[in-house]
Amino acid sequence: MDVREGGVEIAVPDARDGASEGAGDDVFYNPTQELNRDVTVATLRAYREREPRVATYLDAMAASGIRGVRAAKAGYDVTCADVDADAVGLARENLARNDLDGRAVERDVNALLHDGETVFDVVDLDPFGTPIPFADAAFANARNLVCVTATDTAPLCGAHQRSGIRKYATLPQNTDYHPEMGLRVLLSALIRTAARYDKAAVPILSHVSRHYVRTYLELDARATRADDLIDDLGYVHHCEDCLRRSHEFGLVAHPPETCDACGGDRLLTAGPLYLGPIRDREFVRSVREQVTDGLGEAARADRLLDTLVAELDTPTHYDQHRLCKQWSRSAPAMDDFLETLRDAGFAASHAHYAGTAFKTDATVPEIRDATGE
Ligand SMILES: C[S@@+](CC[C@H](N)C(=O)[O-])C[C@H]1O[C@@H](n2cnc3c(N)ncnc32)[C@H](O)[C@@H]1O
């Protein structure tokens, strides 16, 4: 069947049960990733405004080529790669039917990136599950930008903890701030991988949905910049009794044995996590300007990017409904709730991945007192 997305027409495998997600032997296509692809296109446009010499884009796991075709439409010189011959054929057909230049190659992305024949300005990793098996090759080869999707949210957020430890060489913990944990576990692993090549992988835009984590990392070849990012790694300590959470920077953890707030001993420590900013505010504003009406998910992309600009850098969040339920209160509108916290002198913001999630520098008792009737 044919789908139209972002001004291109793409042949994808026929939908089964309303959606085609590479079921069986079919080439993969997931209609629910349109927001992810729209943000990718807006990011690629904004990035080239900032770095006009950036030209080549590798859609490293192309499947139907929908992402690469859209990047080509945005003016990039695109290579679509996949190990699956049917996917490569479809990606080639989709470039041609949109009258776009570019090439589709049947290659394992690690071999392609390591063969030394081509250096890509932008490398986009969109694998099934974890991107870690491809991260070394991407950081060793890419010149400017590495874009990464990870869909293995259970290992990332600590729900499948042993798998998370194996894949990401860090200790994730299964807390109620899953999206934040998953994103910061992924960023920790990617930043440490890039640092092995004396490169800094600076997160200029990152977002999380229930199904995936997405991040755009700008490469800086100064080893001192890589050191700065290593200094942004550290640990989150979480009390399971009173929900107090704190964090400390550094690669050596000093986990408290009892909670400072309630004296309880049910403390979890996660890390090393990336504790720095997950985006560059100025860059996200410029991406927002590139969200045009032709994008199918423009409204959601605008909301997401606006929220990301205003979001605090705090590496944890609270769930407003959970706290209000615990205090037997009804939950007020989130904007009013945040305003009340700010009026009481605290920093407070939405978190981009859930309507009931918020970030603040207030402790749980401070939130309770500040927002009580
Ligand atoms: C999740 S799909 C990509 C979806 C696509 N980027 C999109 O936006 O619709 C993952 C693709 O990676 C391909 N793949 C898996 N291992 C690979 C490897 N080592 N090198 C290149 N492609 C690979 C699979 O054949 C599959 O088509």
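Keep in mind that what you see is a predicted model, and the values were worked out from it rather than measured.

Describing the overall build of the chain
Inference 1: Within the chain, the secondary structure is distributed over 14 helices and 15 strands.
Inference 2: Relative to the 2.2 N^0.38 estimate, which gives 21 Å for 373 residues, the radius of gyration of the chain is 21 Å and therefore close to what a compact globule would have.
Inference 3: Put simply, the chain has 373 residues, and 47% of those count as buried.
Inference 4: Of the contacts formed within the chain by residues at least 6 apart in sequence, a portion of 59% connects residues at least 24 apart.

Thoughts on the UniProt feature "binding site: S-adenosyl-L-methionine" (unreviewed entry) in the chain
Inference 1: Mapped onto the present numbering, the UniProt feature "binding site: S-adenosyl-L-methionine" (unreviewed entry) falls at Arg-37, Arg-67, Asp-82 and Asp-108.
Inference 2: Along the chain, the position of Arg-37 falls in helix H1 (residues 34-50).
Inference 3: In contact with Arg-37, other than residues within four places in its own chain, are Glu-5, Gly-6, Ile-66, Arg-67 and Arg-70.
Inference 4: Looking at the secondary structure, you find Arg-67 in helix H2 (residues 66-73).
Inference 5: The class of Arg-67 is buried, set by 30 C-beta atoms lying within 10 Å.
Inference 6: Not counting the four nearest positions on each side in its chain, Arg-67 is found in contact with Arg-37, Thr-40, Asp-59, Asp-124 and Asp-126.

Re the UniProt feature "binding site: Zn(2+)" (unreviewed entry) in the chain
Inference 1: Mapped onto this numbering, the UniProt entry annotates "binding site: Zn(2+)" (unreviewed entry) at Cys-239, Cys-242, Cys-259 and Cys-262. What stands out for the annotated residues spanning 24 residues is how close their C-alpha atoms remain, the widest pair being 8.7 Å apart.
Inference 2: Mapped onto the fold, Cys-242 is located in the loop between strand E10 (233-239) and strand E11 (245-249).
Inference 3: Every residue in contact with Cys-242, bar those within four places of it in the chain, is listed here: Cys-259, Ala-261, Cys-262, Gly-264 and Val-364.
Inference 4: Along the chain, the position of Cys-262 falls in the loop between E11 and strand E12 (267-274).
Inference 5: The contact partners of Cys-262, leaving out residues within four places of it in the chain, are Cys-239, Asp-241 and Cys-242.

Considering helix H13 (residues 334-343)
Inference 1: Within H13, burial applies to Phe-337, Leu-338 and Leu-341. Taken around the axis of H13, the buried residues stretch over an arc of 95 degrees, which confines them to a single face. Residues of H13 that are exposed and angled more than 90 degrees away from the buried face: Asp-335, Asp-336 and Asp-343.
Inference 2: Tucked inside the fold, the buried residues of H13 contact helix H12 (320-326), strand E14 (348-351), strand E15 (354-360) and helix H14 (364-371).
Inference 3: Once H13 ends, the next one or two residues include Gly-345, with phi positive near 100 degrees.

Details of the site of the ligand
Inference 1: The local shell around the ligand holds 20 residues, among which Met-61, Ala-63, Asp-84, Val-109 and Asp-126 are the closest.
Inference 2: Secondary structure elements with two or more residues in the shell around the ligand: H2 and strand E4 (77-82).
Inference 3: Class assignment of the residues belonging to the shell around the ligand gives a composition of 12 nonpolar, three polar and five charged.

Rules and cut-offs
Residues numbered from 1 in each chain as written. Predicted model: local features only at pLDDT ≥ 70, side-chain atom pairs only at ≥ 80, totals over all residues. Helix = DSSP H or I, 4+ residues; strand = E, 2+ residues; numbered from the N terminus. Rg over C-alpha atoms; globule rule 2.2 N^0.38 Å. Buried ≥ 20, exposed ≤ 12 C-beta atoms within 10 Å, placed from the backbone. Contact = placed C-beta atoms within 7 Å. UniProt positions renumbered as here; feature names shortened; annotations may be inferred. Arc of directions from axis to C-beta. Near = placed C-beta within 6 Å. Nonpolar A, V, L, I, M, F, W, Y, C, P; charged D, E, K, R; others polar.

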